[in-house]
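Summary of the model geometry
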Amino acid sequence: MFPVLKNDRLIKSLWREPVDRTPVWMMRQAGRYLPEYRATRAKAGDFMTLCQTPELACEVTMQPLARYDFDAAILFSDILTIPDAMGLELYFVEGEGPKFKHPLTTAASIHNLSSDVMNELAYVPNAVALIRHELNGKVPLIGFSGSPWTLATYMVEGQSTREFKKIKALLYEDPALLHVLLQTLADAVTHYLLAQIKAGAQVLQIFDTWGGILSDSAYREFSLRYMRLVVTGINSNLTEAERVPIILFTKGGGGWLEDIQDTGCDAIGLDWPIDIGRARARVTDGVSLQGNMDPAVLRSTPDAIEAEVKKVLASFGRHSAASGHVFNLGHGITPDIDPENVAVFVEAVKNHSPAYHS
Ligand code: 1CP
């Protein structure tokens, strides 16, 4: 029902099949560093309207592909659509990031949440289907969600935080109540990602942006456990032919690579403090790695960008049937980056990666 895929490098690398060069895309590739994004965002009026209007979400998803040779598109949306659909009412204050009108402040507010969110979120599969048509087989489309833990941090804190006081108080004072919340979120995330696959998403990424703030045992109990439920929940609802590769990205997750692989995911997203070659040596056959150039490199010179791309490629080494490499940044691109430097980045991956493929 959709046109055939012309560029399947990303999917092949994630399934560890041979490719001619390393595929590349960038977290937050559609975003504020692009003037055309800022123009569409201004036209939409506010961020949620941009996410909730499939034509506008499609327009901004396509923008980076018109400029650069990326090997994937990523659905334009946000991880906080699920809590919004659960009734917390997401809004943005200029310069302050996301906030909720009704954060979770009581046990009752947690017990009353429903994982049945797809009625409110129909705009997301609608955008996925529209983007697939618009892509016309050019590159694959990545769908995504936040991890249950990362969503819970925003829902309990009520906004962005760097301290996580409320969610950590809940974790240590009433772990059973936090488990209720995480189970509801795991069910919602599973429905949400299955709906994205049904609508046409060809790869999935789960963003566990705040997994790295947890202690070792808390990460296993409150973050990893629920990502595993999502991965197994998705795959057990699909036939072998319907399956899509799933990438798990835990920011600050370098200490848990073996455990992340053990969830059954197809690829691990790495942030930049970890060496990708050493990461590769730690996991067993059967998982690909995505990453992991420091996004700050994009603020430097073309020569420095090219040198850093070469370093990451050399550290990963040769593609093999045991592990494929997907080039990415270690986290999202920031709004202050010169779009010219992104072109340098993409060209460097294109020019220097064929040497690592036979
Ligand atoms: O004003 C604006 O235009 C808002 C900026 C913005 C953008 C461009 C927000 C608000 N979200 C997005 C898009 C977005 N968010 C995408 C689009 C696809 C892409 O091109 O990659 C994706 C995948 C996300 C995911 C997201 N949202 C994450 C996980 C990824 C990560 O960066 O770790 C998180 C934590 C959010 C929450 C969020 N939404 C927006 C902001 C500024 C934030 C971060 C707030 C914080 O730092 O706590």
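Let me sum up the structure you'll find in this document.

Quick notes on the rules
Residues numbered from 1 in each chain as written. Predicted model: local features only at pLDDT ≥ 70, side-chain atom pairs only at ≥ 80, totals over all residues. Heavy atoms only, no water. Helix = DSSP H or I, 4+ residues; strand = E, 2+ residues; numbered from the N terminus. Rg over C-alpha atoms; globule rule 2.2 N^0.38 Å. Buried < 20%, exposed > 50% of the residue type's maximum accessible area, 1.4 Å probe, protein only. Contact = heavy atoms within 4.5 Å. Areas by Shrake-Rupley, 256 points an atom, 1.4 Å probe, with all protein chains shown as cover. Lys, Arg positive; Asp, Glu negative; His and termini not counted. Charge placed at Lys NZ, Arg CZ, Asp CG, Glu CD. Near = heavy atom within 4 Å. Polar contact = N/O pair within 3.5 Å; in protein donor to acceptor, adjacent residues only side chain to side chain. Nonpolar A, V, L, I, M, F, W, Y, C, P; charged D, E, K, R; others polar. Pairing = 2+ DSSP bridges. Expected span 1.5 Å × (residues − 1). Core = buried A, V, L, I, M, F, W, Y, C linked by side-chain atoms within 4.5 Å.

1. Digging into the overall build of the chain
The secondary structure content of the chain amounts to 15 helices and nine strands. Here the chain has a C-alpha radius of gyration of 19 Å; the compact-globule value for 358 residues is 21 Å, and the two agree. A total of 358 residues make up the chain; the buried ones form 59% of that total. If you take every contact in the chain between residues at least 6 apart in sequence, the share linking residues at least 24 apart comes to 73%. Summing over all exposed atoms, the chain offers an accessible surface of approximately 14,200 Å²; the carbon and sulfur share of this is 51%. Charged side chains in the chain number 33 positive and 42 negative. The centres of these two groups are separated by 3 Å.

2. Focus: the environment of Leu10
Along the chain, Leu10 turns up in helix α1 (residues 9-14). Leu10 sits in the buried class, given a relative accessible area of 0%. Spatially, the C-alpha atoms of Leu10 and Thr22 are 8.1 Å apart, while their sequence positions differ by 12 residues.

3. Describing the site of the ligand
Near the ligand you find 23 residues, and of these Tyr37, Tyr154, Ser160, Thr209 and His331 are the closest. In the environment of the ligand, an oxygen atom lies 2.7 Å from a nitrogen or oxygen atom belonging to the backbone of Arg28. For the ligand, whose free accessible area comes to 890 Å², the fraction covered by protein is 92%. Tallied by class, residues from the shell around the ligand come to 13 nonpolar, five polar and five charged.

4. Examining the pairing of strand β9 (residues 325-329)
Of all five residues in β9, five are buried, a share of seventy percent or more. Judged by which residues are buried, β9 turns out to be covered on both faces: His325, Phe327 and Leu329 on one side and Val326 and Asn328 on the other are all buried. Direction of pairing for strand β8 (residues 288-293) relative to β9: parallel, over a ladder of five bridges. Following the sheet pairing, Gln290 is matched in β9 by Val326.

5. Quick notes on helix α10 (residues 175-199)
The terminal C-alpha atoms of α10 lie 36 Å apart, and with 25 residues this matches the ideal 36 Å at 1.5 Å per residue to within 8%. Across the 25 residues of α10, 18 count as buried, placing the element largely inside the fold. Within two residues after α10, Gly200 carries a phi angle of roughly 135 degrees, on the positive side.

6. Regarding the nonpolar core
Residues Leu178, Leu181 and Phe345 are the most contacted members of the largest nonpolar core, which totals 130 residues. No other element matches α10, which puts 14 residues into this core. Setting aside its immediate chain neighbours within four residues, Leu178 contacts Trp149, Ala152, Ile167, Leu170, Leu171 and Phe222.

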